[in-house]
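# Observations on the three-dimensional arrangement
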Amino acid sequence: MVEWGAVIIGFVLSIILGALFAVIIPLWGGMLGLLVAGMVVGYMVGGDAANGMINGAVSGAFGGIMLALLLLIFGTLIAGLIGLTVAAVTSIVVFVGLIGVIIIMAVGGAIGSVVKGEA
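This section reports on the structure supplied with the text. (Residues numbered from 1 in each chain as written. Predicted model: local features only at pLDDT ≥ 70, side-chain atom pairs only at ≥ 80, totals over all residues. Heavy atoms only, no water.)

### A word on the layout of surface pockets
Our working definition: In this analysis the probe radius is 1.4 Å and the grid spacing 1 Å, with only protein atoms considered; a cavity is a set of points the probe fits into but cannot get out of, a pocket is an open set with protein on both sides within 12 Å along at least five of seven lines, and lining residues have an atom within 4 Å of a point. Grid points are joined across faces, edges and corners, and a volume is the space filled by probe spheres set on the points. Put simply, DSSP marks the helices as runs of H or I at least four residues long and the strands as runs of E at least two long, and each gets a number from the N terminus on.
What the largest pocket holds in volume is close to 300 Å³. What lines the largest pocket is a set of 16 residues, among which Ile 15, Gly 63, Gly 64, Leu 67 and Val 101 lie closest to the centre. Put simply, the parts of the chain that give the lining of the largest pocket at least two residues each are helix H1 (4-24) and helix H3 (49-116). The greatest single-element share of the lining of the largest pocket, amounting to 12 residues, is contributed by H3.

What follows is the structure, encoded as structure tokens:
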């Protein structure tokens, strides 16, 4: 079962920690921030590894979808039809990268649930 409070917190943490770790560790920091955010989500929901994995993956998917929608909205508002076209192409790239984000956050969620050990 998806716990939306943990998903929203994980979404916000993935943005904050991803950006913060990307500045501190330039090459792998963003992925490490996503992994830590997934671990926090998994720890919050507890249960078995599958429960943490599902909640972590939903949190990662929610972040990618929100990023794509914001790109489309602001790209259209700022640059009109050209901005919509550029934002649409960028959103397709974001959706392809979304698979990696989902996998990283799902692994983090599984680790966080196992660490809590409430099964």
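On we go from here.
### Let's talk about the packing of aromatic side chains
Here is the rule we go by: Stacked, tilted and edge-to-face pairs are distinguished by plane angle, under 30 degrees for stacked and over 60 for edge-to-face with tilted covering the rest, among Phe, Tyr and Trp rings (Trp via its six-membered ring) whose centres lie within 6.5 Å. Throughout, exposure labels follow a simple rule: accessible area from a 1.4 Å probe, protein chains only, divided by the maximum for the residue type, with under 20% read as buried, over 50% as exposed, and the rest as partly exposed. The rule is short: NZ of Lys or CZ of Arg within 6 Å of the ring centre and within 35 degrees of the ring normal puts a charge over the ring.
All told, the structure shown has one aromatic pair when counted by the stated rule. Note on Phe 11 and Phe 62: the rings are 4.9 Å apart at their centroids and 75° apart in plane angle, and the pair reads as edge-to-face. With Phe 11 in helix H1 and Phe 62 in helix H3, this pair connects stretches of sequence that are 51 residues apart. Since its relative accessible area comes to 16%, Phe 11 is described here as buried. Here the basic side chain of Lys 116 rests over the ring of Tyr 43, its NZ or CZ set 5.4 Å away from the ring centre.

### Comments concerning helix H2 (residues 29-45)
Which entries qualify depends on this criterion: What a helix should span is 1.5 Å times the count of its residues minus one. The criterion used for residue contact is that any of the two residues' heavy atoms lie within 4.5 Å.
Relative to the 24 Å expected for 17 residues at 1.5 Å per residue, H2 spans 25 Å between its end C-alpha atoms, a close match to the ideal helical length. Burial in H2 covers these residues: Gly 29, Gly 33, Leu 34, Ala 37, Gly 38, Val 41, Gly 42 and Val 45. Buried residues belonging to H2 abut H1 and H3. The positive-phi residue at the C-terminal boundary of H2 is Gly 46, with phi of around 65°.

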